[in-house]
Every structure is written in structure tokens, then in C-alpha cells.
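# Architecture and fold: a report
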Amino acid sequence: MPAFAPVGTAANVKTLEPRDLTELGASILLANTYHLYLRPGHERIERLGGLHSFMGWDGPILTDSGGYQVFSLAHRRQLDADGVTFRSHIDGSAHRFTPERVIEIEERLGADIAMVLDECADPLDTDYLAQALSRTHAWAERCKAAHSRPDQALFGIVQGGIYPELRAESARVLAGLDFPGYAIGGLAVGETKEQMYNTLDATCPHLPVNKPRYLMGVGAPEDIIEAVSRGIDLFDCVLPTRIARNGALLTPTGRLNIRNARFAEDSRPIQEACACYTCRTFSRAYLRHLTVSGEISGLRLATIHNLHFMLQLMEQIRAQIAQGTFASFRTSFLHAYQITDQRVRHEQRRRRVEALPAAP
């Protein structure tokens, strides 16, 4: 059944504590291998009892491989067939990731789910994608060979940009390696939503139906609904926590910008009938005051609400699937939810213009 993993990049979901996440109903968290490797270091975390003990979270933890972060440092890394050499964004020091090294780091961190090292290439660069895909597949095989921790599940990562034939090939190759689960990477990195959904349509049919499918870095409510309809089981994204810190709050009808002056005397909660602590206790007016005043508690209260919204959405999705009514739920949710993504609005405007009759 589908689940959402709040992102704790540096072994912490910003502004929250593990007990908050437990109360919100989070069942799994994500931590970032690249960031933890650089600071405080995987050896130190291992000496302190592993990632669960270090961050005080006794639920499942997923660690990504750090590949996305490394490959986003285009001016700070050098790539070869064996791995990637990069410079720290913190102090400029040089480091080297190979498939075997990444597996060693993730095993010593002690996560429950670990990801292979992959190359997250530009999804629109047709000339380079085939090379990157071949390297990703070779690295996945090396990661599996190096992985030795029986209490940790290692997931493969499907790549291939927005090209159906490359995605299908990647899914088939990785399925042949028989990983416990499969992630789909390289999406929500600049392509349109239509391209993302088409890519999922081309990928999911080639992945095993009896193993989890994880869509990496995707967490807009409308994208989760569409991805679940295509067979995705697990999501992670910084979106709900990041936009909370900028004053954007999730509701069933779309995002609410609490900084807006019209909320200065609004005594209602963020969302009527919402059971989160923020909505049970505080008004929109008070949250606006905290936000525009730069009060830390405003960031925390907004984050509580947004994560509650996401986790309750997943609960609704699971219930609708169990009842066999997800298709109608999907339709009603997407009808009510106003998408604020600028790219989507631009695409919608373009389509409306194209649909206009030609000038006489």
C-alpha cells in the first residue's frame, strides 16, 4: 500500500522531532547518504550506534545513494566508468564515490533500505543518456555484488530520461538483477508533468508487480495521485516541509499562502476539520503573524500541518484502494485541487490558446 517518507536530509526533518513524526503517523523516513557522509561522517554515526540510534527514530529509514547530489555538482565532479570524484560543497575537499564505496557507507549507516549508486543525467540530453544508462546498469550490478548486509534491502534505480524505450530497457535490465525493490529516478527535474506521467506509463509495466516501486523525489499531491494510479508504492519529497518554511500550506483545494494580507484577521484554522495540532489550536491570523515576524514556531507549525496533510492523503489513498474506489477518489481530488505549479499553468494556457479557433 502506498506510503510517503518525510525527508530528513541530515538525519532530521527540519523543525520537527521524532516524536512529532510518530504522532503525525509517519512510517518511514529518508536520510541523505551524501550529506551524512560529509557531516558528521558515516564512521561516527556507526560508532554512535547507527542511524536509528543517532537520530532517535526507531521506524524504518531509507538512505539514497547520494548520486543525485553528486551529479548536481556539475562544476565540482569528474566522472569515469569506475565512479565519480567530487568536491564537498562544505569545504571543497576531494572525495570519491564508487558503487562499492557507497554500499559500504550505507551499510555502516545502518538504514533499512539502501539505494544503488546511479547516474542522474539530464532527462532531455539524448546524446548522453544512453551512456549514462549503461553506466547506471553496470554500477547497479556492482552494488548488488558488494552488498552484504542481510537486514538491509537494496533497491535498484531505473533511469532513462523521458524516453520510453530507454526507461523500458532500464526497467527490464534491473528487474533481471532481482532487487528486493525498484526506484524510479531522474524525474521532477525539469520535465513537464505530462512527460513525467508518460514516463511512468512506459516504466511501470516492466517492473515486477510483487515488489515495491519507489518514485524518488516526487511529492506534489497531484503527482502522488497520478503516480499511485500507475502503480507506484513509495514516495519521498522535501516539498511539504520546504514550502511550509516559505509560508505555503497544503489544503484539499490547493496551496494557501499564509503571508497574504487577507489572512491578517482570519480566525479560521488553515483547513476546516483538519485534526493536526496546528489546525486544532491556532488561527490563520496567528500563523500569518508568526510567519511574517520570522518566528521559528511558525515554521514548525506550518511543517506539522503540511506533513499531516500528506500523511493523511496517503491514508485516504490506502483506504480507497482497499475499498476499490480509488479511481473515483482520484477524479474528485484532482477536480478540487488547484495546481499552483507555474509550469503546469503555462502548459494549461498553451493548450487553451491552441484550442482557440483560427482567426478568420
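Going by the structure above, here's the rest.
### Side note on the overall build of the chain
Within the chain one finds 16 helices and 13 strands. Relative to the compact-globule value of 21 Å for 360 residues, the chain shows a C-alpha radius of gyration of 21 Å, a close match. Expressed as lengths along the three principal axes of its C-alpha atoms, the size of the chain is roughly 65 × 60 × 45 Å. Split into buried and exposed, the 360 residues of the chain put 52% on the buried side. If you take every contact in the chain between residues at least 6 apart in sequence, the share linking residues at least 24 apart comes to 67%. Summed over all atoms, the accessible surface of the chain reaches about 16,300 Å², with 51% contributed by carbon and sulfur.

### Quick notes on the packing of helix 14 (residues 296-323) against helix 15 (residues 326-336)
Where helix 14 meets helix 15, the closest approach of the two axes is 8 Å, and the angle between their N-to-C directions is 140°. Here Leu313, Gln316, Ile317, Gln320 and Ile321 of helix 14 come into contact with helix 15, specifically with Phe326, Phe329 and Phe333. In terms of residue class, the contact of helix 14 with helix 15 is made up of 6 nonpolar, 2 polar and no charged.

### Some words on the pattern of salt bridges
In this structure the tally under the stated criterion is 20 salt bridges. Two residues, Arg19 and Glu17, come together in a salt bridge whose shortest N-O distance is 3.0 Å. Under the relative-accessibility criterion, Glu17 is labelled partly exposed at 36%. Residues Arg230 and Asp201 are paired through a salt bridge, measuring 2.9 Å at the closest nitrogen-oxygen approach. Taken together, the positions of Arg230 in the loop between helix 10 (221-229) and strand 11 (234-237) and Asp201 in helix 9 (residues 193-203) put the pair 29 residues apart, joining distant regions of the chain. For Asp201, a relative accessible area of 39% corresponds to the partly exposed category. Taken together, the shared-partner salt bridges in this structure form one network comprising Asp80, Asp82, Arg96, Glu100 and Arg142.

### Notes on the nonpolar core
Counting residues in hydrophobic clusters, the biggest one holds 89 residues, and the most contacted among them are Phe4, Met115, Tyr214, Leu215, Phe235 and Ile317. Among the elements that make up this core, the one with the highest residue count is helix 14 (8 residues). Listed in part, the 13 residues of the second largest apolar core include Leu249, Cys279, Leu290 and Ala302.

### What about the side chain of Glu106?
Residue position: Glu106 is located in helix 6 (residues 99-109). In contact with Glu106, other than residues within four places in its own chain, are Thr33, Thr63, Asp64, Ser65, Ala111, Ala114, Met115 and Gln152.

What counts and what doesn't
Residues numbered from 1 in each chain as written. Predicted model: local features only at pLDDT ≥ 70, side-chain atom pairs only at ≥ 80, totals over all residues. Heavy atoms only, no water. Helix = DSSP H or I, 4+ residues; strand = E, 2+ residues; numbered from the N terminus. Rg over C-alpha atoms; globule rule 2.2 N^0.38 Å. Buried < 20%, exposed > 50% of the residue type's maximum accessible area, 1.4 Å probe, protein only. Contact = heavy atoms within 4.5 Å. Areas by Shrake-Rupley, 256 points an atom, 1.4 Å probe, with all protein chains shown as cover. Axes fitted to C-alpha atoms, helices over the stretch in contact; angles between N-to-C directions. Nonpolar A, V, L, I, M, F, W, Y, C, P; charged D, E, K, R; others polar. Salt bridge = Lys/Arg side-chain N within 4 Å of Asp/Glu carboxyl O. Core = buried A, V, L, I, M, F, W, Y, C linked by side-chain atoms within 4.5 Å.

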